[in-house]
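Observations on the model geometry
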Amino acid sequence: MDVPRDAPVYTIGAVRRLTGLTDRQIRYYDETGLVVPARTPGNQRLYSEADVGALREIKHLLAEGRRIDEVRAILALRSRARAASREDLMKSSDAGMRFGEAAALRSIYPLANRPELLRAIDTRRNHTPGTRNEK
DNA sequence: TTTCTTACA
DNA sequence: TGTAAGAA
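About the criteria used
- Residues numbered from 1 in each chain as written.
- Chains lettered and ligands numbered in written order.
- Predicted model: local features only at pLDDT ≥ 70, side-chain atom pairs only at ≥ 80, totals over all residues.
- Heavy atoms only, no water.
- Helix = DSSP H or I, 4+ residues; strand = E, 2+ residues; numbered from the N terminus.
- Contact = heavy atoms within 4.5 Å.
- Areas by Shrake-Rupley, 256 points an atom, 1.4 Å probe, with all protein chains shown as cover.
- Near = heavy atom within 4 Å.
- Polar contact = N/O pair within 3.5 Å; in protein donor to acceptor, adjacent residues only side chain to side chain.
- Nonpolar A, V, L, I, M, F, W, Y, C, P; charged D, E, K, R; others polar.

Things to note about the overall build of chain A
Looking only at helices and strands, chain A features 6 helices and 3 strands. Secondary structure elements of chain A occur, N-terminal to C-terminal, as β-α-α-β-β-α-α-α-α. The long-range fraction of contacts in chain A, counting pairs at least 24 apart against all pairs at least 6 apart in sequence, stands at 55%. Of the roughly 9100 Å² of accessible surface on chain A, 54% is carried by carbon and sulfur atoms.

Structure follows, in structure tokens:
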């Protein structure tokens, strides 16, 4: 049957090959709370499919010139939007959606779809000293 | 052999 | 981020 996307199964070596990131980067993202994997009894990091997906997203954003703190903001907003979506989708069958629920959804989808979020971030980049793009 | 932590360049 | 050292 289905393996839960958060089942911890990949060692850091596997993740390195799967994402193309270095061990150092993968561990650094763990240390800074970006992607925190499960641990084996021997303290080895064990990444899930979901973790690998997040890591790939980070790599993609960094390749676009996004800074680590921006990536952190994007991931944080995403998981928030995801959690909120779960709740709303639970109690809103399209037949019985009421005003409050509709408003909640409107406040969530714009973030999930990114345009406003990305615009806000781009604005901040132009105002932040030390910004670096391609190298 | 691989991964872990800590610490310095 | 890369790399080194020493332990698991």
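Digging into the protein's contact with DNA strand C
Every residue near DNA strand C is listed here: Thr22, Arg24, Gln25 and Tyr29. Of everything in DNA strand C that lies within 4 Å of the protein, sugar and phosphate atoms constitute 38%. Contacts to DNA strand C include Thr22, whose side-chain N or O atom sits 3.0 Å from a phosphate oxygen. The residue makeup of the surface near DNA strand C, split by class, is 1 nonpolar, 2 polar and 1 charged.

Some remarks on unusual backbone geometry
For Asn43, which is not glycine, the phi torsion reads 75 degrees and is therefore positive. On the secondary structure map, Asn43 appears in the loop between β2 (38-39) and β3 (45-48).

Considering the protein's contact with DNA strand B
In the neighbourhood of DNA strand B, the contacting residues comprise Thr11, Ile12, Gly13, Arg16, Arg27, Arg39, Asn43, Gln44 and Arg45. Restricting attention to atoms of DNA strand B within 4 Å of the protein, one finds that 96% of them are sugar or phosphate atoms. One of the backbone nitrogen or oxygen atoms of Gly13 is found 2.7 Å away from a phosphate oxygen of DNA strand B. A distance of 2.7 Å separates a phosphate oxygen of DNA strand B from a polar atom in the side chain of Arg27. If you tally residues by element for the surface near DNA strand B, the top one is helix α1 (residues 12-19), at 3 residues. Here the surface near DNA strand B is composed, by residue class, of 1 nonpolar, 4 polar and 4 charged.

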